[in-house]
Amino acid sequence: MISSVSARDVRADHPAVPTWLPHVGEERSTPSGESLGLGEQQDRTVPTTTFPRSAPEIGAAFRGVLATAAGPGWPGRVLYALLLLPVGALGLAFYFALFGSVVAVIYGVGLLLILLVLAAIRAFAGLERRMLRTLLGVDVPTGERVRRLPGVRAKVRRLVTSASTWRAVGWLGARVLLGAATLAVLFFSTVLSAALIVGIDWNVLNGLPLLALIGVIVLLALLLLDLLVRLAAAVGPRLLGAGAEQQIAALQAGGRRLADRNRLARDLHDTIGHALTASLLQATAARRTLGPAGDEPLQPEFARQALQHIETNTRAALAELDRALTVLRAEDDGRDPAPFAAPTLADLDELLAGLRDGGLPVALTVDVGADGIPPEVQALAYRVVQEGTTNVLRHAGTPATVAQVLRLGDTLVVSVHNERPDQQESRPGPGGGRGLAGLHERTRAAGGTLTAGPTPSGGFELCVVLPLAGAA
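Please read these numbers as outputs of a predicted model, since none were measured by experiment.

Student: Help me understand the packing of aromatic side chains, please; the structure alone is not making it clear to me.
Tutor: Geometry of an aromatic ring pair is reported as the spacing of the ring centres plus the angle between the planes. Counting across every chain of the model gives two aromatic pairs. Ring centres of F94 and F124 lie 5.5 Å apart, and the angle between their planes is 45°; this geometry places the pair in the tilted category. Of the two residues, F94 sits in helix α2 (residues 74-103) while F124 sits in helix α3 (residues 110-136), which places them 30 residues apart along the sequence. Of the two residues, F94 and F124, neither departs from the other in class, the shared state being buried. Ring geometry for F187 against F188: centres 5.4 Å apart, planes inclined by 80°, an arrangement best described as edge-to-face.

Student: Help me understand a nonpolar patch on the surface in this model?
Tutor: A contiguous nonpolar surface patch, about 610 Å² in accessible area, is contributed by I197, V198, I200, W202, L208 and L211. Elements supplying a minimum of two residues to the nonpolar patch: α5 (163-198) and α6 (207-240). Among the structural elements, I197 can be located in helix α5.

Student: I tried to follow the sheet that holds strand β2 (residues 401-408) on my own but got confused; where do I start?
Tutor: Adjacent strands of a sheet form backbone hydrogen bonds with each other and so pair up, either parallel or antiparallel. With respect to topology, five strands assemble into an open sheet ordered β1-β2-β3-β5-β4, the strand pairing being mixed. Only two strands of the sheet have a single partner each, and these edge strands are β1 (362-367) and β4 (449-454). In this sheet, adjacent strand axes meet at a mean angle of 10° when their direction is disregarded. Direction of pairing for β4 relative to strand β5 (residues 460-467): antiparallel, over a ladder of six bridges. Looking at β5, one finds that T451 is bridged to C463.

Student: Please clarify how the side chain of T455 should be interpreted in this entry.
Tutor: Inspection of the secondary structure puts T455 in the loop between β4 and β5. Excluding residues within four positions of it along the chain, T455 makes contact with H417, F460 and E461.

Student: Sorry if this is basic, but what is going on with the nonpolar core here?
Tutor: Formed by 34 residues in total, the largest nonpolar core has its most connected members in Y80, I121, L132 and L136. Where this core is concerned, the elements lending two or more residues are α2, α3, α5 and α6. For this core, the element with the highest residue contribution is α3, accounting for ten residues. Setting aside chain neighbours within four positions, we find Y80 in contact with E128, M131, L132, L135, L136, W171, R175, V229 and A232.

Student: When you look at the confidence of the model for the protein in this model, what are you seeing that I'm missing?
Tutor: Parts of the model with low pLDDT should not have their predicted coordinates read in detail. Mean pLDDT over the protein: 75, with 67% of residues reaching 70 or higher. Confidence, read as mean pLDDT per element, is least for helix α1 (residues 55-69) in the protein (65) and greatest for β5 (93). The model gives residues 1-43 a pLDDT under 50, and that stretch makes 21 contacts with residues more than four places away or in other chains.

Student: What is the right way to look at α6 in this model?
Tutor: Since one α-helical turn is 3.6 residues long, residues separated by three or four positions face the same way. A rise of 1.5 Å per residue sets the reference length of α6, with its 34 residues, at 50 Å; its end C-alpha atoms lie 48 Å apart and thus fit the reference within 8%. The largest bend along α6 measures about 25° and falls at A234, with the proline P237 one to four residues further on. What α6 keeps buried is the set G207, L210, I214, I217, A221, L225, L228, V229, A232, A233, G236 and L240.

Student: What am I meant to see in the environment of N206 here?
Tutor: Counting through the fold element by element, N206 comes out in the loop between α5 and α6. Setting aside chain neighbours within four positions, we find N206 in contact with I200 and D201. Here D201 takes part through its backbone oxygen, which lies 2.8 Å from a polar atom of the side chain of N206.

Student: I'm lost on the packing of α2 against α5 in this one. Help?
Tutor: Helix-helix packing: each pair is described by the crossing angle between the helix axes and the interaxial distance. Look at α2 against α5: their axes get within 7 Å of each other, and the N-to-C directions meet at 130°. Here α2 lies oblique to α5, going by the angle between them. Of the two elements, α2 crosses α5, and the hand of that crossing is left-handed. Across from Y80, L83, L84, L85, V87, G88, G91, L92, F94, Y95 and L98 in α2, the residues of α5 making contact are V169, G170, W171, L172, G173, R175, V176, L178, G179, T182 and L183. For the contact of α2 with α5, a count of residues per class yields 15 nonpolar, six polar and one charged.

Student: Can you walk me through the pattern of salt bridges in this structure?
Tutor: Opposite charge on two side chains allows them to pair when their charged atoms are near. Taken as a whole and judged by the stated rule, the model has three salt bridges. Linking E128 and R175 is a salt bridge whose minimum nitrogen-to-oxygen distance equals 3.1 Å. Here E128 is found in helix α3, whereas its partner R175 is found in helix α5, with 47 residues between them in sequence. Note that R230 is salt-bridged to D226, the shortest N-O span being 2.8 Å. Linking R230 with D226, this pair stays in helix α6, spanning four residues, or about one helical turn. According to the relative accessible area criterion, D226 is partly exposed, its value standing at 25%. One salt-bridge network, held together by shared partners, links R77, D226 and R230.

Student: Honestly, the pairing of β2 in this entry has me stumped. Any pointers?
Tutor: Residues in a regular strand point their side chains to alternate faces of the sheet. Across six bridges, β1 lies against β2 in parallel orientation. From the neighbouring strand, D367 faces β2, where its bridge partner is L406. Pairing of β2 with strand β3 (residues 411-418), which is carried by eight bridges, proceeds in the antiparallel orientation. Paired with V402 across the strands is H417, a residue of β3. Linkage of β2 to β3, two consecutive antiparallel strands, is achieved through a turn of two residues, within which G409 is found at a positive phi near 70°.

Reading guide: rules and limits
Just so you know, the residues in each chain are numbered from 1, in the order the chain's sequence is written. The predicted nature of this model means local features are confined to residues of pLDDT at least 70 and side-chain atom pairs, given and counted, to a pLDDT of 80 or more, with totals for whole chains, interfaces and linings taken over all residues. Side-chain figures throughout are based on the complete set of non-hydrogen atoms in the structure, without hydrogens or water. Only Phe, Tyr and Trp rings are paired, with Trp represented by its six-membered ring, and only when their centres lie within 6.5 Å; those with planes under 30 degrees apart are stacked, over 60 edge-to-face, the remainder tilted. Segments assigned H or I by DSSP are reported as helices when at least four residues long, segments assigned E as strands when at least two residues long, and all are numbered from the N terminus. Burial classification: accessible surface area is computed with a 1.4 Å probe over protein chains only, and a residue below 20% of its type maximum counts as buried, one above 50% as exposed, and the rest as partly exposed. Each patch is assembled from residues with relative accessible area greater than 30% and no salt bridge, linking like charges that lie within 9 Å and nonpolar side chains (Val, Leu, Ile, Met, Phe, Trp, Tyr) that lie within 5 Å. Computed with a 1.4 Å probe, the accessible areas rest on the Shrake-Rupley method; for each residue, only the protein chains presented here act as cover. Salt bridge, as used here: a side-chain nitrogen of Lys or Arg that lies within 4 Å of a carboxyl oxygen of Asp or Glu. Each pair of strands is called paired provided DSSP finds at least two bridges between the two strands. For helices, the fitted axis covers only the stretch in contact; all axes are lines through C-alpha atoms, and the angles between them, taken along N-to-C directions, range from 0 to 180 degrees. Any two residues having at least one pair of non-hydrogen atoms within 4.5 Å are treated as being in contact. Here, the term nonpolar core denotes a set of buried Ala, Val, Leu, Ile, Met, Phe, Trp, Tyr and Cys residues that are joined through side-chain atoms within 4.5 Å. Confidence per residue, as judged by the predictor, is encoded in pLDDT with a range of 0 to 100. For a helix, the expected span equals 1.5 Å multiplied by the number of residues minus one. For a residue, the bend is simply the angle between two axes, fitted respectively to the seven-residue segment ending there and the seven-residue segment starting there. Polar contacts, as counted here, are pairs of nitrogen or oxygen atoms within 3.5 Å of one another; within protein the pair requires one atom able to donate a hydrogen and one able to accept it, and residues that are adjacent in sequence qualify only if both atoms are side-chain atoms. Should an angle fall under 35 degrees it is taken as roughly parallel, and over 145 as roughly antiparallel, whereas 65 to 115 is taken as roughly perpendicular and any remaining angle as oblique. Should the near helix be turned counterclockwise from the far one by less than a right angle, the crossing is left-handed, whereas a clockwise turn marks it as right-handed. As a working rule, the residues Ala, Val, Leu, Ile, Met, Phe, Trp, Tyr, Cys and Pro are called nonpolar, Asp, Glu, Lys and Arg charged, and the rest polar, with Gly in that last group.

This is the structure we're talking about:
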């Protein structure tokens, strides 16, 4: 009688053959003593390793090692000490090239060679500055950038006459001396160590003293190399950094740039603050012309005029903002910003027209005589009227206001006076109080005086007196 054998008990003789073939819907549990195989729904756990396997990983690991070594601290100092000798040899090669180009002047090509060598020396000085910053952590200010000057003639003239060029040449001489000192330290320490190792018979008695002496020689060599590195860190900023005249010019340029930005911020505050306040006033006046929901405006022409002024004010604010961004971007890029037309006394009528249409009863009186007023004084007088009327709208609403620009001898008197405000009238909103402070600074810088305060009638008056002689 033949006994049947279950398919799940049949095992193959070859290890590559599956030991069990499941039927449809069958599952198999793990037999006793047999580990569960990895099914299709299980992921094999790959052991983690820190060793890089691909070229990008190797490159990233190598760059990480270089970044760790090329940094302030003892790794950077060691790397800089190792570069003393080859960089000194490179500086000596530059000197030979400069001497050879001077000698070649008699052949008619020396001048061009001198310019090329000087340009290469300046480029090498830039590399040296980066080495001092990166390896030694020394703050070396960047000198003048000759390549940014406009025109070839200006670049050539500055390349030859700039003090930073010849300080870079002097730094090459210091580099040659540092390289020579490094070579001397390495040579004598190697010779002395070799003489102690080869020239003396070592035995049990003199072994330890000789090892100690070799250690002292190596320690002295390291101390001398560290001294050379410290000397380079001390001399480098003096020869590679900006000179006194360049530092003074940079400070002056920074002061002018800061003053320009402050003036731009004040102009931006005045223009945009006035435009937004006037627009709010006109929008409020236009809203009051509207009847119930769905009806036509009670005064369509007035509403249309108010909306037109809102559009004009918005365009002016956007233009002023674009002007400010253009100036800031030009300064950040190192370019001179394009000049913009400053406001004049002739622009006061347009400034106050929108306020009148919005509901502010403001009168303007301009009496400056026959002689002209300097543009700087006209611009400042315009800002005074602009700031004064804006403050009236913010703090008092729409009371009767008078703006006057009068010439009295060698002075220009600009005043904005408003009557007592109506307590029941809604105001567009308070300001931050920075407008009068900025106006006071500009008035004082122009040599004038500013007074602001309440009047006996309950109103408010802003008065600025500006000198016309020597106005800046």
